[in-house]
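Coordinates in review
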Amino acid sequence: MTAPRLEIDLAKLEHNAGTLVERLRGRGIGVTGVTKATLGSPEIARAMLRGGVQGLGDSRIENIQAMRDAQVSSPMTLIRSPMLSQAHRVVAHADVSFNTELAVITELSLAAQRAGLTHGIMLMVELGDLREGIMPDDLQDTVRAILRLPSILLKGIGTNLACRCGVTPDSRNMQELCSLACSLERTFGIAVDTVSGGNSANLNWVFSGADTGRINNLRLGEAILLGREPLHREPIPGLHLDAVILVAEVIESKTKPSQPRGIIAQSAFGDEPDVCNRGDVSQAILAIGLQDVDPSGLQMRPDVDVLGASSDHLIVETHGFRLAVGRELQFQLNYSALLRAMTSPFVARIMKNESPRPETATPLAATFAP
Ligand SMILES: *Cc1c(COP(=O)(O)O)cnc(C)c1O
């Protein structure tokens, strides 16, 4: 079979999505399935939808367009603030977008008006992680301005934590988001339908039994794809950790010294190799490299260590056995390795256990419906 390749078990992904959807339903929280680490794979999107997610979210309009072109039928949310230059594309393909800038929302309003569409807006609020978000004190002014814009519908508010600075979702910041929703309703006499508390990093907070207040949506990617929560990368009970695995092929296998020979300067990627002389070792090269994967995010069997990587080579040492040329090795991946492998044109994707059942977006709250 072709290598390198990702083997993607769609039944396991559906199970992961379905298990999370079910557990969160009990807390009054709907799930948006996040596809951005999959390059907008229609097969993975459909598996998430069969698992019961109420809509799909992606940070790239190109991916949303690809899923639309493949006839994935679901409400679609652009979860990164649109580029001004892409306003037309965004209103044409996404039902809702996450926003923080009035200039962008104004442009979306113009584009939606011209296209005869209504575009939904979620306003993102900065609650400490210092990535995207309107400062809480500025939220009212922004809402006042967008309520005047034609062809724009304010769907709700949200926040994103644990991405730039690792700020943990907790009762304090979640309560702050809920209070902001209530105060917007009081001030403007509007309904804030959706209060989106965050991403996979919010799961520990939800499952701790905390009061979830008005939070009624989470956007989940990593937890569905890898079965782990991202704060401590612990497995989530009942989820598959191997829904996606990477397979690479051995192209060289030799006994080599562990110590390089010659004068040592920088390597191709600027690192100085950290070597200690362990005598001769059993070394193999896999035909995969930094173009295809983040090697530090590969989880191997215990008798294999990664020694280094360059653009196209992954060098491993094996203990107690030798890898024959042509043999394949399997790895589990972390989020960084998965993201790069999924978006490398050199890594094939093999879909396994595709369900014949068609997907339907679960029409839960009307909040994310177009
Ligand atoms: C990537 C992203 C998510 C999903 O994050 P996971 O950790 O994969 O669950 C949710 N919301 C926003 C805004 C994102 O950028």
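Report follows, based on the coordinates. In this text the structure is predicted, and so the values were computed from the model without any measurement. (Residues numbered from 1 in each chain as written. Predicted model: local features only at pLDDT ≥ 70, side-chain atom pairs only at ≥ 80, totals over all residues. Heavy atoms only, no water.)

1. Section: the overall build of the chain
Here is the rule we go by: Under the scheme used here, helices are H or I runs from DSSP no shorter than 4 residues and strands are E runs no shorter than 2 residues, and both carry numbers assigned from the N terminus. Residue exposure (1.4 Å probe, protein chains only): buried if accessible area is under 20% of the type maximum, exposed if over 50%, otherwise partly exposed. Only heavy atoms enter the contact rule, under which two residues are in contact if any of them lie within 4.5 Å. Residue burial considers only the protein chains on display, and all accessible areas are found by Shrake-Rupley using a 1.4 Å probe. Two residue types count as positive, namely Lys and Arg, and two as negative, namely Asp and Glu; His and chain ends fall outside the count. For the purpose of locating charges, the reference atoms are NZ of Lys, CZ of Arg, CG of Asp and CD of Glu.
Secondary structure summary: the chain contains ten helices and 16 strands in total. Projecting the C-alpha coordinates of the chain onto the three principal axes gives extents of approximately 75 × 45 × 45 Å. Within the chain, the fraction of its 370 residues that count as buried is 50%. Within the chain, residue pairs in contact and separated by at least 24 positions form 67% of the contacts whose partners lie at least 6 positions apart. For the chain, the exposed surface amounts to about 16,300 Å²; the carbon and sulfur share of it is 51%. In the chain, 35 positive and 41 negative side-chain charges are present, and the distance between their average locations comes to 3 Å.

2. Let's talk about the pairing of strand β3 (residues 55-58)
What counts, and what does not: For a crossover, the right-handed case is the one in which the path from the first strand over the helix to the second runs clockwise, viewed with the strands pointing away from the viewer. A pair of strands is treated as paired once DSSP finds two or more bridges between them.
Burial of β3 is two-sided: the residues Gly55 and Gly57 facing one way and the residues Leu56 and Asp58 facing the other way are all buried. As for the winding sense of the linkage, the β-α-β connection from strand β2 (residues 30-34) through helix α2 (residues 42-50) to β3 is right-handed. The sheet contact formed by β3 and strand β4 (residues 76-78) spans three bridges and is parallel. Across the sheet, Leu56 pairs through a bridge with Met76, a residue of β4. With helix α3 (residues 61-69) bridging β3 and the parallel β4, this β-α-β connection has right-handed handedness.

3. Considering the site of the ligand
Short version of the rule: Proximity criterion: a residue is near a molecule or strand once any of its heavy atoms comes within 4 Å of it. In the analysis that follows, any N or O atom pair within 3.5 Å is treated as a polar contact, provided that within protein one partner can donate a hydrogen and the other can accept it, and provided that, for residues neighboring in sequence, both atoms belong to side chains. Asp, Glu, Lys and Arg are counted as charged, while Ala, Val, Leu, Ile, Met, Phe, Trp, Tyr, Cys and Pro are counted as nonpolar; the rest, among them Gly, fall into the polar class.
All residues adjacent to the ligand are Val34, Lys36, Ile79, Arg131, Glu132, Asn160, Asn199, Ser200, Arg219, Leu220, Gly221 and Glu222. Within the side chain of Lys36, a nitrogen or oxygen atom sits 2.8 Å from an oxygen atom of the ligand. In this structure, Asn160 approaches the ligand through a side-chain N or O atom, which is 3.4 Å from a nitrogen atom. When the ligand sits alone it has 390 Å² of accessible area, and the protein chains cover 94% of it. The residue inventory of the shell around the ligand, partitioned by class, reads three nonpolar, four polar and five charged.

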